[in-house]
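If you want the building blocks of each chain, they are given just below.
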Amino acid sequence: MIPETHQAALDELLRSAGLPAAAGNTVDLLAESTNTVYVVQTGETDFILRVHGDSGWPEIYDRARLAKVIHLHEVLAAKGVSVPRILGHVDHPDLQAVLMEHLPGQPLAEALDQVPLPERDDLWRAVGTSLQSVHEISLADIAGEIRGDQVVPFGDGEGPARGWGTFATGDFLDDTDRLSRHLPSLKVDGDWLAEVMSRAREHLDESPVRLLHNDPTVDNIFVERSEDGWRCSGWIDWEFARHGDPAWDCARLELFREHHVPAPSAAFWKAYDGPNELNLVANQLLVGLFCAGIQFENANAEPGRHAHAIDWLSHFQQHVQRLERLLDAKTSAVIPSTVQGPDSNPGVLGRLRVALRLLMGLRAHDLRVARSYTQLMWSEHSVLRRLLLL
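Every value quoted in this text rests on a predicted model; they were computed, and no experiment measured them.

**Comments concerning the pairing of strand β2 (residues 36-42)**
Every other side chain in a regular strand lies on the same face of the sheet, so the side chains alternate between the two faces. The element β2 is extensively covered by neighbouring structure, given that 6 of its 7 residues are classed as buried. Here strand β1 (residues 26-32) pairs with β2 via 6 bridges, running antiparallel. Across the sheet, Leu29 pairs through a bridge with Tyr38, a residue of β2. Hairpin connection, β1 to β2: the antiparallel pair is bridged by 3 residues. Strand direction decides the pairing type here: β2 and strand β3 (residues 45-51), joined by 7 bridges, are antiparallel. Across the sheet, residue Gln41 finds its bridge partner in β3, namely Asp46.

**Details of the pairing of β3**
In terms of residue burial, β3 counts as a mostly covered element, since 5 of its 7 residues are buried. By the bridge criterion, 5 bridges tie β3 to strand β5 (residues 95-101) in an arrangement that is antiparallel. When the sheet's bridge partners are listed, Phe47 is paired in β5 with Glu101.

**Structural notes on helix α7 (residues 172-182)**
Among all positions of α7, only Phe172, Asp175, Thr176, Arg178 and Leu179 are buried. Burial along α7 is one-sided: seen end-on, the buried residues are contained in an arc of 160 degrees. In α7, the exposed residues that point more than 90 degrees away from the buried face are Asp174 and Arg181.

**Observations regarding the pattern of salt bridges**
Inspection of the entire model under this criterion finds 15 salt bridges. For the salt bridge of Glu239 with Arg65, the shortest nitrogen-to-oxygen distance reads 2.3 Å. A residue pair is termed long-range when its members are at least 10 positions apart, and Glu239 in the loop between β11 (229-235) and β12 (242-244) and Arg65 in helix α3 (residues 65-78) qualify at 174 residues. Note that Arg85 is salt-bridged to Glu101, the shortest N-O span being 3.9 Å.

**Re the sheet that holds strand β10 (residues 221-226)**
Strand order in the open sheet made by the 3 strands is β6-β10-β11, with antiparallel pairing throughout. Each of the sheet's edge strands pairs with one partner strand only, and the pair in question is β6 (106-107) and β11. As paired strands, β10 and β11 are joined by 6 bridges and run antiparallel to one another. In the strand pairing of β11, Arg225 is matched with Trp230. Strand contacts of helix α5 (residues 117-134): β10 and β11, with the helix running at about 40 degrees to β11, the strand carrying the most contacts.

**Quick notes on the environment of Ala194**
With respect to the helices and strands, the residue Ala194 is situated in helix α8 (residues 190-206). Owing to a relative accessible area of 30%, Ala194 belongs among the partly exposed residues under this scheme. Distance in space between the C-alpha atoms of Ala194 and Leu173 is 7.3 Å, their sequence separation being 21 residues.

**Re the packing of α8 against helix α11 (residues 277-297)**
Where α8 contacts α11, the axes come no closer than 11 Å and their chain directions differ by 120 degrees. By the angle class used here, α8 and α11 are oblique. Judged by the twist between their axes, the crossing of α8 over α11 is left-handed. Within the contact between the two elements, α8 uses Met197, His203 and Leu204 and α11 uses Leu278, Asn279, Ala282, Asn283 and Leu286.

Criteria and thresholds
- Residues numbered from 1 in each chain as written.
- Predicted model: local features only at pLDDT ≥ 70, side-chain atom pairs only at ≥ 80, totals over all residues.
- Heavy atoms only, no water.
- Buried < 20%, exposed > 50% of the residue type's maximum accessible area, 1.4 Å probe, protein only.
- Helix = DSSP H or I, 4+ residues; strand = E, 2+ residues; numbered from the N terminus.
- Pairing = 2+ DSSP bridges.
- Arc of directions from axis to C-beta.
- Salt bridge = Lys/Arg side-chain N within 4 Å of Asp/Glu carboxyl O.
- Contact = heavy atoms within 4.5 Å.
- Axes fitted to C-alpha atoms, helices over the stretch in contact; angles between N-to-C directions.
- Parallel < 35°, antiparallel > 145°, perpendicular 65-115°, else oblique.
- Left-handed = near helix turned anticlockwise from the far one by under 90°.

This is the structure we're talking about:
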(Lines give C-alpha, C1' and ligand atoms only; values in the text may rest on other atoms or scores of the structure.)
Protein backbone atom coordinates (compact mmCIF):
# COMPACT_ATOMS: atom_id res chain seq x y z
CA MET A 1 0.00 0.00 0.00
CA ILE A 2 1.45 3.33 -1.04
CA PRO A 3 1.64 5.83 1.86
CA GLU A 4 -0.78 8.77 1.70
CA THR A 5 2.02 11.33 1.35
CA HIS A 6 3.48 9.44 -1.61
CA GLN A 7 0.05 9.04 -3.18
CA ALA A 8 -0.59 12.77 -2.83
CA ALA A 9 2.73 13.54 -4.54
CA LEU A 10 1.88 11.11 -7.34
CA ASP A 11 -1.56 12.68 -7.87
CA GLU A 12 0.02 16.15 -8.06
CA LEU A 13 2.66 14.99 -10.53
CA LEU A 14 0.20 13.17 -12.77
CA ARG A 15 -2.04 16.22 -12.93
CA SER A 16 0.85 18.53 -13.78
CA ALA A 17 1.97 16.14 -16.53
CA GLY A 18 -1.55 15.80 -17.94
CA LEU A 19 -1.66 12.07 -17.28
CA PRO A 20 -4.63 9.89 -16.21
CA ALA A 21 -5.83 10.14 -12.61
CA ALA A 22 -4.26 7.79 -10.11
CA ALA A 23 -7.53 5.98 -9.43
CA GLY A 24 -7.17 3.99 -12.64
CA ASN A 25 -3.47 3.25 -12.22
CA THR A 26 -1.51 0.36 -10.80
CA VAL A 27 1.29 1.38 -8.45
CA ASP A 28 3.89 -1.24 -7.52
CA LEU A 29 6.83 -0.83 -5.18
CA LEU A 30 10.04 -1.35 -7.13
CA ALA A 31 12.77 -0.57 -4.60
CA GLU A 32 13.14 0.86 -1.13
CA SER A 33 16.54 1.92 0.18
CA THR A 34 17.79 5.51 0.12
CA ASN A 35 14.74 6.36 -1.97
CA THR A 36 11.37 4.72 -2.44
CA VAL A 37 10.74 3.87 -6.09
CA TYR A 38 7.43 2.86 -7.65
CA VAL A 39 6.39 1.68 -11.09
CA VAL A 40 3.20 3.49 -12.11
CA GLN A 41 1.17 1.84 -14.87
CA THR A 42 -1.23 4.13 -16.71
CA GLY A 43 -2.81 2.19 -19.52
CA GLU A 44 -0.07 1.09 -21.92
CA THR A 45 2.66 3.33 -20.47
CA ASP A 46 4.81 2.84 -17.38
CA PHE A 47 6.32 5.66 -15.36
CA ILE A 48 8.70 5.81 -12.43
CA LEU A 49 7.88 7.68 -9.21
CA ARG A 50 10.93 8.29 -7.05
CA VAL A 51 10.37 9.69 -3.56
CA HIS A 52 13.60 10.92 -2.02
CA GLY A 53 14.62 9.62 1.39
CA ASP A 54 17.49 10.58 3.67
CA SER A 55 20.75 10.19 1.74
CA GLY A 56 22.94 10.50 4.82
CA TRP A 57 24.67 13.49 3.25
CA PRO A 58 24.79 16.97 4.87
CA GLU A 59 21.41 18.67 4.59
CA ILE A 60 22.63 21.28 2.10
CA TYR A 61 23.50 18.47 -0.33
CA ASP A 62 20.52 16.34 0.57
CA ARG A 63 18.07 19.12 -0.28
CA ALA A 64 19.95 19.89 -3.51
CA ARG A 65 19.67 16.32 -4.84
CA LEU A 66 16.47 17.02 -6.75
CA ALA A 67 17.88 20.10 -8.51
CA LYS A 68 21.07 18.13 -9.18
CA VAL A 69 19.24 15.25 -10.87
CA ILE A 70 17.13 17.60 -13.00
CA HIS A 71 20.24 19.52 -14.09
CA LEU A 72 22.26 16.41 -14.89
CA HIS A 73 19.44 14.83 -16.89
CA GLU A 74 19.29 17.98 -18.99
CA VAL A 75 23.08 18.03 -19.53
CA LEU A 76 23.28 14.33 -20.36
CA ALA A 77 20.35 14.42 -22.78
CA ALA A 78 21.87 17.43 -24.55
CA LYS A 79 25.08 15.41 -25.02
CA GLY A 80 23.23 12.44 -26.48
CA VAL A 81 23.42 10.21 -23.38
CA SER A 82 20.14 8.39 -22.78
CA VAL A 83 18.49 9.13 -19.42
CA PRO A 84 14.84 9.02 -18.32
CA ARG A 85 12.84 12.09 -19.31
CA ILE A 86 11.62 13.94 -16.22
CA LEU A 87 7.90 14.70 -16.49
CA GLY A 88 7.52 16.64 -13.28
CA HIS A 89 8.71 17.07 -9.71
CA VAL A 90 7.52 18.27 -6.33
CA ASP A 91 9.78 20.02 -3.86
CA HIS A 92 8.00 20.47 -0.52
CA PRO A 93 9.72 21.09 2.82
CA ASP A 94 8.85 17.57 3.98
CA LEU A 95 8.93 15.68 0.68
CA GLN A 96 10.76 15.65 -2.65
CA ALA A 97 9.64 13.46 -5.52
CA VAL A 98 10.11 13.15 -9.26
CA LEU A 99 8.06 11.47 -11.99
CA MET A 100 10.05 10.05 -14.90
CA GLU A 101 9.45 7.99 -17.97
CA HIS A 102 10.36 4.29 -17.74
CA LEU A 103 13.42 3.53 -19.84
CA PRO A 104 12.98 0.99 -22.64
CA GLY A 105 14.78 -2.32 -22.42
CA GLN A 106 15.99 -3.99 -19.24
CA PRO A 107 18.73 -3.63 -16.65
CA LEU A 108 22.14 -4.83 -17.78
CA ALA A 109 22.08 -7.29 -14.86
CA GLU A 110 19.09 -9.13 -16.37
CA ALA A 111 20.48 -9.09 -19.90
CA LEU A 112 23.83 -10.56 -18.79
CA ASP A 113 21.96 -13.43 -17.12
CA GLN A 114 19.81 -14.13 -20.16
CA VAL A 115 22.00 -13.82 -23.25
CA PRO A 116 24.41 -16.55 -24.39
CA LEU A 117 28.07 -15.97 -23.58
CA PRO A 118 29.13 -14.85 -27.10
CA GLU A 119 26.47 -12.13 -27.02
CA ARG A 120 27.76 -10.59 -23.81
CA ASP A 121 30.46 -8.79 -25.79
CA ASP A 122 27.74 -6.88 -27.65
CA LEU A 123 26.27 -5.78 -24.33
CA TRP A 124 29.60 -4.64 -22.93
CA ARG A 125 30.50 -2.88 -26.18
CA ALA A 126 27.30 -0.84 -25.99
CA VAL A 127 27.98 0.07 -22.36
CA GLY A 128 31.59 1.06 -23.08
CA THR A 129 30.55 3.37 -25.90
CA SER A 130 27.89 5.02 -23.75
CA LEU A 131 30.13 5.44 -20.70
CA GLN A 132 32.76 7.12 -22.85
CA SER A 133 30.11 9.66 -23.91
CA VAL A 134 29.36 10.33 -20.24
CA HIS A 135 33.03 10.87 -19.48
CA GLU A 136 33.42 13.38 -22.28
CA ILE A 137 31.25 15.78 -20.26
CA SER A 138 33.11 18.42 -18.25
CA LEU A 139 31.10 20.59 -15.86
CA ALA A 140 34.02 22.57 -14.43
CA ASP A 141 37.80 22.69 -14.18
CA ILE A 142 37.80 21.31 -10.63
CA ALA A 143 36.99 18.06 -8.89
CA GLY A 144 34.18 18.16 -6.37
CA GLU A 145 30.65 17.39 -5.32
CA ILE A 146 27.76 18.49 -7.52
CA ARG A 147 25.31 20.67 -5.62
CA GLY A 148 22.34 21.61 -7.77
CA ASP A 149 23.88 22.86 -11.02
CA GLN A 150 27.26 23.76 -9.49
CA VAL A 151 30.47 21.82 -8.84
CA VAL A 152 31.63 22.57 -5.29
CA PRO A 153 35.30 21.74 -4.53
CA PHE A 154 35.85 18.85 -2.15
CA GLY A 155 36.15 20.28 1.33
CA ASP A 156 33.06 22.46 0.81
CA GLY A 157 35.08 25.64 0.55
CA GLU A 158 36.87 25.12 3.87
CA GLY A 159 40.60 25.48 3.21
CA PRO A 160 42.21 24.98 -0.21
CA ALA A 161 40.29 23.10 -2.89
CA ARG A 162 41.16 19.41 -2.97
CA GLY A 163 41.82 17.57 -6.20
CA TRP A 164 40.47 14.12 -6.95
CA GLY A 165 43.64 12.46 -5.69
CA THR A 166 43.66 14.28 -2.36
CA PHE A 167 39.97 13.54 -1.85
CA ALA A 168 40.02 9.90 -2.93
CA THR A 169 43.18 8.92 -1.05
CA GLY A 170 42.29 10.73 2.16
CA ASP A 171 41.57 7.52 4.08
CA PHE A 172 43.85 5.21 2.13
CA LEU A 173 46.30 4.34 4.91
CA ASP A 174 43.52 3.83 7.47
CA ASP A 175 41.63 1.66 4.98
CA THR A 176 44.75 -0.38 4.32
CA ASP A 177 45.32 -0.86 8.05
CA ARG A 178 41.75 -2.08 8.43
CA LEU A 179 42.21 -4.46 5.50
CA SER A 180 45.37 -5.94 7.04
CA ARG A 181 43.48 -6.60 10.29
CA HIS A 182 40.90 -8.64 8.41
CA LEU A 183 43.44 -10.23 6.06
CA PRO A 184 46.53 -10.77 8.23
CA SER A 185 48.36 -12.52 5.39
CA LEU A 186 48.85 -9.12 3.72
CA LYS A 187 52.27 -7.80 4.68
CA VAL A 188 52.83 -4.26 3.45
CA ASP A 189 55.62 -1.83 4.26
CA GLY A 190 53.76 1.22 5.54
CA ASP A 191 56.50 3.72 4.64
CA TRP A 192 56.78 2.35 1.13
CA LEU A 193 53.01 2.37 0.72
CA ALA A 194 52.76 5.97 1.93
CA GLU A 195 55.44 7.01 -0.57
CA VAL A 196 53.75 5.32 -3.53
CA MET A 197 50.32 6.70 -2.66
CA SER A 198 51.73 10.19 -2.17
CA ARG A 199 52.97 10.05 -5.74
CA ALA A 200 49.67 8.61 -6.96
CA ARG A 201 47.79 11.39 -5.17
CA GLU A 202 49.84 14.04 -6.95
CA HIS A 203 49.23 12.37 -10.30
CA LEU A 204 45.48 12.06 -9.75
CA ASP A 205 45.26 15.68 -8.59
CA GLU A 206 46.75 16.72 -11.93
CA SER A 207 44.57 14.42 -14.06
CA PRO A 208 41.60 15.78 -16.06
CA VAL A 209 38.23 15.61 -14.30
CA ARG A 210 34.88 14.78 -15.85
CA LEU A 211 31.33 13.90 -14.86
CA LEU A 212 31.19 10.62 -12.90
CA HIS A 213 28.10 8.53 -12.38
CA ASN A 214 29.72 7.25 -9.16
CA ASP A 215 27.45 4.19 -8.95
CA PRO A 216 27.66 2.49 -12.37
CA THR A 217 26.32 -0.90 -11.30
CA VAL A 218 24.66 -3.31 -13.72
CA ASP A 219 21.31 -2.39 -12.12
CA ASN A 220 21.68 1.27 -13.07
CA ILE A 221 22.43 0.65 -16.75
CA PHE A 222 19.62 -0.21 -19.19
CA VAL A 223 20.09 -1.99 -22.51
CA GLU A 224 17.80 -3.08 -25.33
CA ARG A 225 18.04 -4.95 -28.60
CA SER A 226 17.95 -2.98 -31.82
CA GLU A 227 18.28 -3.81 -35.49
CA ASP A 228 22.02 -3.27 -35.19
CA GLY A 229 22.44 -5.31 -32.01
CA TRP A 230 22.41 -4.27 -28.38
CA ARG A 231 22.41 -0.60 -27.43
CA CYS A 232 22.56 1.21 -24.11
CA SER A 233 19.05 2.59 -23.64
CA GLY A 234 19.90 4.69 -20.60
CA TRP A 235 21.44 5.35 -17.21
CA ILE A 236 19.49 5.87 -13.99
CA ASP A 237 20.26 7.04 -10.43
CA TRP A 238 22.41 10.14 -10.94
CA GLU A 239 21.87 11.64 -7.52
CA PHE A 240 25.29 10.57 -6.20
CA ALA A 241 27.21 11.75 -9.27
CA ARG A 242 30.48 13.59 -8.73
CA HIS A 243 33.10 15.42 -10.76
CA GLY A 244 36.42 13.57 -10.75
CA ASP A 245 38.64 11.01 -12.44
CA PRO A 246 36.68 8.92 -15.00
CA ALA A 247 38.81 5.90 -14.10
CA TRP A 248 36.88 5.76 -10.81
CA ASP A 249 33.70 4.77 -12.66
CA CYS A 250 35.59 2.12 -14.65
CA ALA A 251 37.13 0.68 -11.49
CA ARG A 252 33.75 0.59 -9.76
CA LEU A 253 32.10 -1.14 -12.71
CA GLU A 254 34.85 -3.77 -12.60
CA LEU A 255 35.14 -4.37 -8.84
CA PHE A 256 31.91 -3.17 -7.19
CA ARG A 257 29.73 -6.07 -8.29
CA GLU A 258 28.08 -9.11 -6.82
CA HIS A 259 29.70 -12.52 -7.07
CA HIS A 260 27.49 -13.73 -9.95
CA VAL A 261 27.98 -10.62 -12.13
CA PRO A 262 30.69 -11.00 -14.81
CA ALA A 263 33.44 -8.43 -15.19
CA PRO A 264 33.41 -6.07 -18.18
CA SER A 265 34.83 -7.95 -21.15
CA ALA A 266 37.61 -6.85 -23.49
CA ALA A 267 34.87 -5.51 -25.78
CA PHE A 268 33.96 -2.94 -23.10
CA TRP A 269 37.52 -1.66 -22.75
CA LYS A 270 37.99 -1.48 -26.51
CA ALA A 271 34.75 0.47 -26.99
CA TYR A 272 35.53 2.76 -24.06
CA ASP A 273 39.06 3.38 -25.37
CA GLY A 274 40.59 4.02 -21.96
CA PRO A 275 41.33 4.91 -19.24
CA ASN A 276 45.11 4.98 -19.05
CA GLU A 277 46.57 2.15 -17.00
CA LEU A 278 48.07 4.36 -14.29
CA ASN A 279 44.78 6.04 -13.40
CA LEU A 280 42.90 2.76 -13.57
CA VAL A 281 45.23 0.89 -11.19
CA ALA A 282 45.23 3.79 -8.71
CA ASN A 283 41.44 3.95 -8.69
CA GLN A 284 41.12 0.16 -8.54
CA LEU A 285 43.07 0.22 -5.27
CA LEU A 286 40.79 2.92 -3.90
CA VAL A 287 37.58 1.20 -5.01
CA GLY A 288 38.80 -2.16 -3.71
CA LEU A 289 39.45 -0.71 -0.28
CA PHE A 290 36.06 1.04 -0.36
CA CYS A 291 34.35 -2.29 -1.05
CA ALA A 292 36.37 -4.04 1.64
CA GLY A 293 35.31 -1.40 4.15
CA ILE A 294 31.66 -2.07 3.39
CA GLN A 295 32.13 -5.83 3.60
CA PHE A 296 34.16 -5.91 6.80
CA GLU A 297 32.68 -3.02 8.79
CA ASN A 298 28.98 -3.22 7.87
CA ALA A 299 27.17 -5.77 10.01
CA ASN A 300 24.35 -5.92 7.44
CA ALA A 301 26.60 -6.60 4.45
CA GLU A 302 25.62 -9.68 2.50
CA PRO A 303 28.26 -12.45 2.65
CA GLY A 304 30.20 -12.51 -0.59
CA ARG A 305 28.65 -9.26 -1.80
CA HIS A 306 32.10 -7.83 -2.53
CA ALA A 307 33.93 -11.08 -3.20
CA HIS A 308 35.45 -9.80 -6.45
CA ALA A 309 37.00 -6.77 -4.74
CA ILE A 310 38.28 -8.83 -1.81
CA ASP A 311 39.81 -11.36 -4.18
CA TRP A 312 41.48 -8.55 -6.16
CA LEU A 313 42.89 -7.11 -2.93
CA SER A 314 44.38 -10.46 -1.96
CA HIS A 315 47.17 -9.49 -4.38
CA PHE A 316 47.45 -6.06 -2.79
CA GLN A 317 51.25 -5.82 -2.75
CA GLN A 318 51.52 -6.79 -6.42
CA HIS A 319 49.00 -4.10 -7.35
CA VAL A 320 50.93 -1.45 -5.41
CA GLN A 321 54.16 -2.57 -7.10
CA ARG A 322 52.46 -2.27 -10.47
CA LEU A 323 51.28 1.22 -9.56
CA GLU A 324 54.83 2.16 -8.56
CA ARG A 325 56.24 0.91 -11.87
CA LEU A 326 53.65 2.91 -13.79
CA LEU A 327 54.49 6.04 -11.80
CA ASP A 328 58.19 5.48 -12.46
CA ALA A 329 57.58 5.04 -16.17
CA LYS A 330 55.44 8.16 -16.33
CA THR A 331 58.00 10.32 -14.51
CA SER A 332 60.91 8.88 -16.48
CA ALA A 333 59.13 9.69 -19.72
CA VAL A 334 58.91 13.40 -18.82
CA ILE A 335 62.34 13.84 -17.25
CA PRO A 336 64.13 15.17 -20.37
CA SER A 337 61.50 17.82 -21.09
CA THR A 338 61.05 18.64 -17.39
CA VAL A 339 64.74 19.15 -16.67
CA GLN A 340 66.12 20.34 -20.00
CA GLY A 341 63.21 21.74 -21.97
CA PRO A 342 60.77 20.22 -24.46
CA ASP A 343 62.99 20.67 -27.52
CA SER A 344 66.13 19.12 -26.12
CA ASN A 345 67.74 15.89 -27.29
CA PRO A 346 69.96 14.99 -24.34
CA GLY A 347 71.97 12.11 -25.82
CA VAL A 348 73.93 9.72 -23.64
CA LEU A 349 75.93 12.23 -21.59
CA GLY A 350 72.97 14.55 -21.32
CA ARG A 351 70.80 11.76 -19.97
CA LEU A 352 73.50 10.89 -17.42
CA ARG A 353 73.52 14.53 -16.29
CA VAL A 354 69.72 14.40 -15.92
CA ALA A 355 69.91 11.35 -13.68
CA LEU A 356 72.73 12.84 -11.58
CA ARG A 357 70.83 16.09 -11.10
CA LEU A 358 67.81 14.13 -9.91
CA LEU A 359 69.91 12.02 -7.55
CA MET A 360 71.56 15.08 -6.06
CA GLY A 361 68.68 17.43 -5.48
CA LEU A 362 65.10 16.39 -6.07
CA ARG A 363 62.35 15.03 -3.84
CA ALA A 364 62.78 11.71 -2.09
CA HIS A 365 60.48 9.74 -4.38
CA ASP A 366 62.44 10.99 -7.41
CA LEU A 367 65.46 9.01 -6.24
CA ARG A 368 63.70 5.84 -7.30
CA VAL A 369 62.71 7.47 -10.58
CA ALA A 370 66.26 8.62 -11.26
CA ARG A 371 67.55 5.13 -10.62
CA SER A 372 64.97 3.69 -13.03
CA TYR A 373 65.83 6.34 -15.60
CA THR A 374 69.57 5.62 -15.31
CA GLN A 375 68.96 1.89 -15.61
CA LEU A 376 66.85 2.49 -18.71
CA MET A 377 69.56 4.60 -20.28
CA TRP A 378 72.23 2.05 -19.24
CA SER A 379 70.36 -0.81 -20.90
CA GLU A 380 69.94 1.17 -24.14
CA HIS A 381 73.60 2.02 -24.64
CA SER A 382 75.78 -1.07 -24.83
CA VAL A 383 78.75 1.00 -26.10
CA LEU A 384 78.66 3.14 -22.98
CA ARG A 385 78.55 0.02 -20.79
CA ARG A 386 81.63 -1.45 -22.47
CA LEU A 387 83.56 1.81 -22.09
CA LEU A 388 82.70 2.19 -18.40
CA LEU A 389 83.48 -1.45 -17.62
CA LEU A 390 86.96 -1.35 -19.21
